Amino acid sequence: MQPHASPRALRAFVEVARRGGVAPAAQRLGVTPSAVSHLLRELEAGLGLALFQPGSGRAALTEPGMRLLRGIGDAFDTIDHAVADLAPRPGGGEVRVSTLSTFATLWLVPRLARLQATEPALRVLVATGTRPVDLAAEPFDCAIRWGRGPTWPGLEATRLLPETLIAVAGPALLVGGPAPEAAAELLRLPRIAARSRPEDWPMLISALPGGPEAGVLAPPPSLVFETRALAVRAAVAGLGVAVVDAALVADALQDGHLVRGSPVAVPRPEAHFFVARPQALARDPHPRRFRDWLLAEAAVPGAAL
């Protein structure tokens, strides 16, 4: 006889297996424990197999039960995600954003007060990390990514800020004199580097007069931090010169918290991009409003030097 199983019985099995008992599964499904037990008996009869260890109170799976859970558990997760993605959210104005911590710290967070002023009904939830999130499977509406783009399959990418490397320092470090123009002069100052961007300093040194020769003899940076955001904080504190994307420190330069450590700027082919799934942008106006606000902020004079 061909094994058969109803979707309701399979869902009951998954919930019982994951929650370790009939009662918590029944609470999750919104039915009585007796209804769940009936579905499990129906499933085992239809498959001709015992799915739970005898005497375990439906808390321990047999080997066929473990195989079945591995095979169908993810399918119900996919269904749940798809249904949740279609459901209207409380308040109707929430945007879930994944971004890099440096971009969030140096550029996005200082501007969020303006977003609240222009879009008071828009609630932005920001998560940071270096791992590219899967916008089709994870609970994010959009992301800010760095790269040469648009090279992300299945995503719509909008260019926000091109990258240009500059050297920056706290005003006290360069008091009484102009910013160094030659590589040898700049290398006399304490240098701050970001472990996540080891190529930044060599690229800037190579662009300075005498840079290729000086770069070969350059000592290691005085301080090394994990991210550029921490390197910039150290520069503001007067600990040395850091190399960073000009767009990310535009506000600090305008406010006088940082000064240029060198007149040289090195354009790079990378940029920060707003990315989202086209279907998400078509269905939900809130990520579109957030994207449009980002574009407006990126266009403000001085936002990208």
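To be clear, the structure that these remarks concern was listed above.
Throughout what follows, the structure given in this document is the object of discussion. Fair warning: this is a prediction, and the values are worked out from it, not measured in the lab.

1. Focus on the pattern of salt bridges
- Taken as a whole and assessed by the stated rule, the structure comprises 23 salt bridges.
- Close ionic contact of Arg289 with Glu119 constitutes a salt bridge, the shortest N to O distance being 2.6 Å. With a gap of 170 residues between them, Arg289 in helix α13 (residues 285–298) and Glu119 in the loop between α6 (112–118) and β2 (123–128) connect regions that are remote in the sequence.
- Residue class for Arg289 comes out partly exposed when judged on its relative accessible area of 26%.
- In the salt-bridge network here, residues are joined through shared partners; they are Arg148, Glu163, Arg197, Glu199, Asp200, Arg228, Arg268 and Glu270.

2. Points about the layout of surface pockets
- Its volume calculated, the largest pocket comes out at about 430 Å³.
- The set of elements that each furnish at least two residues to the lining of the largest pocket consists of β1 (94–99), α5 (101–108) and β3 (142–147).
- If one sorts the elements of the lining of the largest pocket by residue count, β3 sits on top with four residues.
- Tallied by class, the residues present in the lining of the largest pocket amount to eight nonpolar, nine polar and six charged.

3. Digging into the side chain of Glu94
- Locating Glu94 in the fold gives a position in strand β1.
- Glu94 sits in the buried class, given a relative accessible area of 14%.
- Separated by 2.8 Å, the side chains of Glu94 and Arg123 make a polar contact.

4. Let's talk about α13
- The terminal C-alpha atoms of α13, which comprises 14 residues, lie 20 Å apart, in line with the 20 Å expected from a rise of 1.5 Å per residue.
- Along α13, the residues that are buried comprise His286, Pro287, Phe290, Arg291, Trp293, Leu294, Glu297 and Ala298. One face of α13 carries all of its buried residues, which in axial projection span an arc of 160°.

5. A short note on helix α1 (residues 7–19)
- When the terminal C-alpha atoms of α1 are compared, their 18 Å separation across 13 residues agrees well with the 18 Å that a helix rising 1.5 Å per residue should span.
- For α1, every residue scored as buried is listed here: Ala9, Leu10, Arg11, Ala12, Phe13, Val14, Glu15, Val16 and Ala17.

6. Side note on the pairing of strand β9 (residues 266–276)
- With respect to burial, β9 is a largely interior element, nine of its 11 residues being buried.
- Here β3 pairs with β9 via five bridges, running antiparallel. Bridge pairing links Ala143 to Val275 in β9.
- Across eight bridges, strand β4 (residues 156–169) lies against β9 in antiparallel orientation. Its bridge partner lying in β9, Thr164 is registered against Pro267.

7. Regarding empty space enclosed by the protein
- Here the structure, examined in full by the defined rule, presents one cavity of 30 Å³ or more.
- Quantified by volume, the largest cavity comes out at close to 60 Å³.
- Along the walls of the largest cavity sit Ile192, Ala193, Ala194, Arg197, Pro198, Asp200, Trp201, Ala231, Ala242 and Val243, which together make up its complete lining.
- Listing elements by their share of the lining of the largest cavity, those giving two or more residues are β5 (191–194), α8 (200–207) and β7 (241–245).

8. A few points about the nonpolar core
- If you look at the biggest cluster of nonpolar residues, it comprises 36 residues, and the most contacted ones within it are Trp107, Val168, Val249, Leu258, Phe274, Phe290 and Leu294.
- Here the element with the most residues in this core is helix α10 (residues 228–236); it accounts for five residues.
- Not counting chain neighbours up to four residues away, the residues in contact with Val249 comprise Ile166, Val168, Val232, Val244 and Leu258.
- Core analysis: the second largest hydrophobic core is formed by 20 residues, Ala12, Ala25, Phe52 and Ile72 among them.

9. A short note on the pairing of β1
- Counted residue by residue, β1 has six buried out of six residues, so it is predominantly covered.
- Where burial is concerned, the two faces of β1 agree: the one with Glu94, Arg96 and Ser98 and the one with Val95, Val97 and Thr99 are both buried.
- As defined by bridge partners, β1 adjoins β2 across six bridges and the pair is classed as parallel. The residue bridging Val95 from the neighbouring strand is Val124, located in β2.
- In the sheet, β1 pairs with β3 via two bridges, with the strands oriented parallel. Residue pairing in the sheet places Ser98 in a bridge with Ala143 of β3.

10. A look at the environment of Arg289
- Measuring from C-alpha to C-alpha, the distance between Arg289 and Arg123 comes to 11 Å, with 166 residues separating the pair along the chain.
- Discounting chain neighbours no more than four positions away, the residues touching Arg289 are Glu119 and Leu122.

11. Observations concerning the packing of α1 against helix α2 (residues 22–29)
- Direction vectors running N to C along α1 and α2 enclose 125°, while the axes themselves pass 8 Å from each other. With respect to each other, α1 and α2 are oriented oblique. Viewed along their axes, α1 and α2 form a crossing whose handedness is right-handed. Across from Arg11, Ala12, Glu15, Val16 and Arg19 in α1, the residues of α2 making contact are Val22, Pro24, Ala25, Arg28 and Leu29.
- Classifying every residue of the contact of α1 with α2 by side-chain character gives six nonpolar, no polar and four charged.

Cut-offs applied
- Residues numbered from 1 in each chain as written.
- Predicted model: local features only at pLDDT ≥ 70, side-chain atom pairs only at ≥ 80, totals over all residues.
- Heavy atoms only, no water.
- Salt bridge = Lys/Arg side-chain N within 4 Å of Asp/Glu carboxyl O.
- Helix = DSSP H or I, 4+ residues; strand = E, 2+ residues; numbered from the N terminus.
- Buried < 20%, exposed > 50% of the residue type's maximum accessible area, 1.4 Å probe, protein only.
- 1 Å grid on protein atoms, 1.4 Å probe; cavity = no way out; pocket = protein on both sides within 12 Å on 5 of 7 lines; lining within 4 Å.
- Points joined across faces, edges and corners; volume = space filled by probe spheres on them.
- Nonpolar A, V, L, I, M, F, W, Y, C, P; charged D, E, K, R; others polar.
- Polar contact = N/O pair within 3.5 Å; in protein donor to acceptor, adjacent residues only side chain to side chain.
- Expected span 1.5 Å × (residues − 1).
- Arc of directions from axis to C-beta.
- Pairing = 2+ DSSP bridges.
- Core = buried A, V, L, I, M, F, W, Y, C linked by side-chain atoms within 4.5 Å.
- Contact = heavy atoms within 4.5 Å.
- Axes fitted to C-alpha atoms, helices over the stretch in contact; angles between N-to-C directions.
- Parallel < 35°, antiparallel > 145°, perpendicular 65-115°, else oblique.
- Left-handed = near helix turned anticlockwise from the far one by under 90°.

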